[in-house]
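Notes for the structure review
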Amino acid sequence: MTSPADPPNGAGASGPGLKLLAVTACPTGIAHTYMAAEKLAQAAESLGHSMKVETQGSIGAENVLSDNDVSEADGIIIAADKDVDRSRFVGKRVLVVGVADGIHRPQRLIEQVLDAPVYEGDGSGAGHGGASGAAASGGGGGGSKGRSVTYKALMNGVSYMIPFVVVGGLLIAVSLALGGDTTSKGIVIPDDSFWKTVNDIGSIGFELMIPALSGYIAYAIADRPALVPGMVGGWIAAHGELYDSEAGAGFIGAIVTGFLAGYLVLWIKRVRVPKFVQPIMPIIVIPIVATSALGLFFIYVLGEPISWIFEQLTDWLGGLTGTSAAVLGIILGLMIAFDMGGPVNKTAFLFGAGLVSKNPEVMGACAAAIPVPPLGQGLATLLRRRMFDDQERETGLAALFMGFFGITEGAIPFAAARPARVIPANMVGGAVAGAIAGVASVEDNVPHGGPIVAVLGAVGGVPMFFVAVVVGTAVTALVTIGLMSVGGGAVDSGAAVGVAGGAGGVGATVGGAGGAVGGGSGAAASVPAEAVLAGVGGGDRAGEASGAAGDRKAVAAQVVAAETGEAEAVPTGQVLSGYLTEQTVKERLAADGKDAAIREMASLLAATGKVTDTAELVRAAFAREDQGTTGLGEEIAIPHAKTDAVTAPVVGFARSPEGIEWGAPDRTRARLVFMIAVPEADAGDEHLRILALLSRKLMDAGFRERLLEAGDVEGILGVLRGIG
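What comes next is a walk through the structure. (Residues numbered from 1 in each chain as written. Predicted model: local features only at pLDDT ≥ 70, side-chain atom pairs only at ≥ 80, totals over all residues. Heavy atoms only, no water.)

**Regarding the packing of helix α12 (residues 360-369) against helix α16 (residues 419-439)**
Helix-helix packing is described using two parameters, namely the angle between the two axes and the distance between the axes. Between α12 and α16, the least distance of the axes is 8 Å, while the angle of their chain directions is 145°. Note on packing geometry: the crossing formed by α12 with α16 is right-handed. Contact with α12, carried on its side by Gly 364, Ala 365, Ala 368 and Ala 369, involves Gly 430, Ala 433, Gly 434 and Ala 437 of α16 and no other residues of that element. Its residues assigned to classes, the contact of α12 with α16 shows five nonpolar, three polar and no charged. (Axes fitted to C-alpha atoms, helices over the stretch in contact; angles between N-to-C directions. Helix = DSSP H or I, 4+ residues; strand = E, 2+ residues; numbered from the N terminus. Left-handed = near helix turned anticlockwise from the far one by under 90°. Contact = heavy atoms within 4.5 Å. Nonpolar A, V, L, I, M, F, W, Y, C, P; charged D, E, K, R; others polar.)

Here it is in structure tokens:
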């Protein structure tokens, strides 16, 4: 007798009749999501099995697995470098691997899924909570090459924390600017003022920032049962009054509670309980037990050392008041910039605030160091945009604004994502600013910091105050860039999957998959090779105003045509709705390196007249490469850019017979190079659909071979018309 998870009698890796399911996903792009889906579907078909693949990502889940699909499945493969909800797969054999394994080892995964453990929904078997596939390869042998669980969990927390930082920080900054009065107690907003209400709303956002960081770290490790323990633990970490400390543990404490909560819940999940208790475990038992245990542990075990450290630092600083101004300024700057709102930062701030009336020079050093971390990180995102993803660049602008108003916490998202690089850079810049202010005897007569206090007239020695802030900011930015360059820089560097990128996402992070292709008919079905994409409009700039809408409709029409097999006539020399034309095809690339190839491809696209700034297009493409290589493997590269340097979507193609080193996960040199450029307005939709169409078709080895063998541009266009 077989269990519900067992395949039919006689069915094996090469036997008939298995019904398999898969879920593919990557964090920020979609190419690998679709490549893995296509490879798994092809492998299943070659082995005589049926397979339906759900793709997840930037434009949502496509080809979603239904309850009937799951109930009838003999095994499920999750090939993902992001969190995938496994609760719907309870009682089924589940194999969890990275998305790269789905591309490079599909047949082996299909063989292994039959021996994968049964997912029981309680931390056993294939599932270890919400952690990524890199952590739990469920018997897959060849574990994932993706990021570690620790890294993914941290980036998950950071991505959810960023909106709280930005919204809370900007509301506080605006309320201080428009409604604040300079007093001996700092910049104060009158209680009966409208801006006091705005400030209170911003303060709520800031208070939720730390619990969100902690909660979503825990969630990424152990799924929903860990969310409440993580958030409550983060709240406790942020409120020192719960453990007799004048300052909370800040974002560092939140990282600690997030990981403690996540792994505590994982441990509780492994405890065997009677069947009648199992239904209430994830919603009652686990959250209550984990929250209570973590809260009590932090208050009674960790809280005492934190309080002791706070007291010792305060006493130590008190003994330094007679030392040189430069030394004291350096120490205060280091402390202010270390944990940005945590106990060390608060100790230095409260020390300076307590001496405002007697020795305002001490507060002057603090005031100069306070804005340096957010200003420095914001400046770094402007100086080397290629090193940061889109979300980080946006956060950098908000950090500049917060830094002006003395909100040090604006730098926390950067520090949480790259603590080993950002915190030292912040500290060096803070120390420089504090030292300059101390030597120059800059005075601050209110317990607040940042350029805003000088603008409002609370600072003595304004010129040197700004010198200190500017120099400290520049030092932090340059050290950050230097450390990122030495250490591999971007969040996504080192990721096994090129276009998938990294986090936090992300890219930034922020996310994915999705796309119109394959939705509704099952990802298992390959697009007919003879399907021809309908071209609309010419390759010139005519009708730009209405062209974008028309282009989107045309892509939808192409998808329908590809799924139904009904192909429309294609105007000569046009492919992909006119995005790729005779003008944007090159038989042979002259470049022998990736950067040179991107520049050459950008010049090729410029021939259409749709590129208004070739240099900016190249910069945007380089920025995307810094997030993670667009070398997909299988001798393919698809560099792409979202930029207003183009007026309409445009696609180019060129070949390199010798191949170009593109950093592909399979180490193959790119011989087939596509370049996609879309305006920012179309970035969320159009380039993802184009990538989906390309990445699926390019998994066909015969299609790639025909592209390489085509004799001229017309021959190449003839092959490309087979994209569907």
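**Considerations on the nonpolar core**
The nonpolar side chains of a soluble globular protein tend to be buried, and buried together. With 74 residues, the main nonpolar core has Leu 213, Ile 217, Ile 221, Phe 251, Val 453 and Phe 465 as its most contacted residues. Counting 32 residues, the second largest nonpolar core, distinct from the first, contains Ile 103, Leu 632, Leu 693 and Leu 720. (Core = buried A, V, L, I, M, F, W, Y, C linked by side-chain atoms within 4.5 Å. Buried < 20%, exposed > 50% of the residue type's maximum accessible area, 1.4 Å probe, protein only.)

**What to know about the sheet that holds strand β4 (residues 94-97)**
On the basis of which strands lie adjacent, the open sheet formed by four strands has the order β2-β1-β3-β4 and parallel pairing. Each having just a single partner strand, β2 (50-56) and β4 make up the two edges of the open sheet. Strand-to-strand twist in this sheet, taken as the mean axis angle between neighbours without regard to direction, amounts to 15°. Pairing of strand β1 (residues 19-25) with β2, which is carried by seven bridges, proceeds in the parallel orientation. What sits directly across from Leu 21, in β2, is Lys 52. (Pairing = 2+ DSSP bridges.)

**Observations regarding the packing of aromatic side chains**
Two numbers describe a pair of aromatic rings. These are the distance of the centres and the angle of the planes. Under the counting rule described, the total for this entry stands at nine aromatic pairs. Measuring from centroid to centroid gives 5.0 Å for Phe 194 and Trp 195, while their planes differ by 75°, and the two rings are edge-to-face. What makes Phe 194 exposed here is its relative accessible area of 59%. Three or more aromatic residues link up through ring pairs in this structure, and these residues are Tyr 160, Tyr 216 and Tyr 219. (Phe/Tyr/Trp six-rings, centres within 6.5 Å; stacked < 30°, edge-to-face > 60°.)

**Let's talk about the packing of helix α13 (residues 372-383) against helix α14 (residues 390-404)**
Running from N to C, α13 and α14 cross one another at 145°; their axes reach a closest spacing of 7 Å. As for the relative orientation of α13 and α14, their crossing is left-handed in sense. Residues Pro 374, Leu 375, Gly 378, Leu 379, Thr 381 and Leu 382 of α13 pack against Glu 392, Arg 393, Gly 396, Leu 397, Ala 399, Leu 400, Gly 403 and Phe 404 of α14. Class assignment for the residues of the contact of α13 with α14 results in eight nonpolar, four polar and two charged.

**Focus: the side chain of Glu 600**
The topology assignment puts Glu 600 in helix α20 (residues 594-606). Every residue in contact with Glu 600, bar those within four places of it in the chain, is listed here: Lys 586, Arg 588, Leu 589, Ala 590 and Ala 591.

**What about a negative patch on the surface?**
A cluster of like negative charges, contributed by Asp 244, Glu 304, Glu 311 and Asp 315, occupies part of the molecular surface. If you trace the backbone, Asp 244 turns up in the loop between α7 (227-238) and α8 (250-269). (Patch = residues over 30% accessible without salt bridge, like charges linked within 9 Å, V, L, I, M, F, W, Y side chains within 5 Å. Areas by Shrake-Rupley, 256 points an atom, 1.4 Å probe, with all protein chains shown as cover. Salt bridge = Lys/Arg side-chain N within 4 Å of Asp/Glu carboxyl O. Lys, Arg positive; Asp, Glu negative; His and termini not counted. Charge placed at Lys NZ, Arg CZ, Asp CG, Glu CD.)

**Topic: a nonpolar patch on the surface**
A cluster of nonpolar side chains, Ile 252, Val 256, Leu 260, Leu 296, Phe 297, Tyr 300 and Val 301, forms an exposed patch at the surface whose accessible area comes to about 620 Å². When contributions to the nonpolar patch are tallied by element, the ones reaching two or more residues are α8 and α9 (281-318). For the nonpolar patch, the leading source of residues is α9, giving four residues. Relative to the assigned elements, Tyr 300 resides in helix α9. For Tyr 300, a relative accessible area of 64% gives the class exposed.

**Things to note about the pattern of salt bridges**
The final tally for this structure, using the stated rule, is 14 salt bridges. Of the charged contacts, one joins Arg 88 and Glu 54 as a salt bridge, the two residues approaching to 2.9 Å between their closest N and O atoms. One end of the pair, Arg 88, is in the loop between β3 (75-80) and β4; the other, Glu 54, is in strand β2, and 34 residues separate them in sequence. In this structure Arg 88 comes out as partly exposed when scored by relative accessible area, which is 26%. A single network of salt bridges, built from pairs that share partners, joins Lys 39, Glu 634 and Arg 704.

**Brief notes about α13**
An α-helical segment advances 3.6 residues per turn. Residues three or four places apart therefore align on the same side. Over its 12 residues, α13 extends 16 Å from the first C-alpha to the last, a length consistent with the 16 Å expected when each residue adds 1.5 Å. Among the 12 residues that make up α13, nine are buried, leaving the element largely enclosed by the rest of the structure. Turning to α13, its buried residues number three or more, namely Val 372, Pro 373, Pro 374, Leu 375, Gly 376, Gln 377, Gly 378, Ala 380 and Thr 381. (Expected span 1.5 Å × (residues − 1).)

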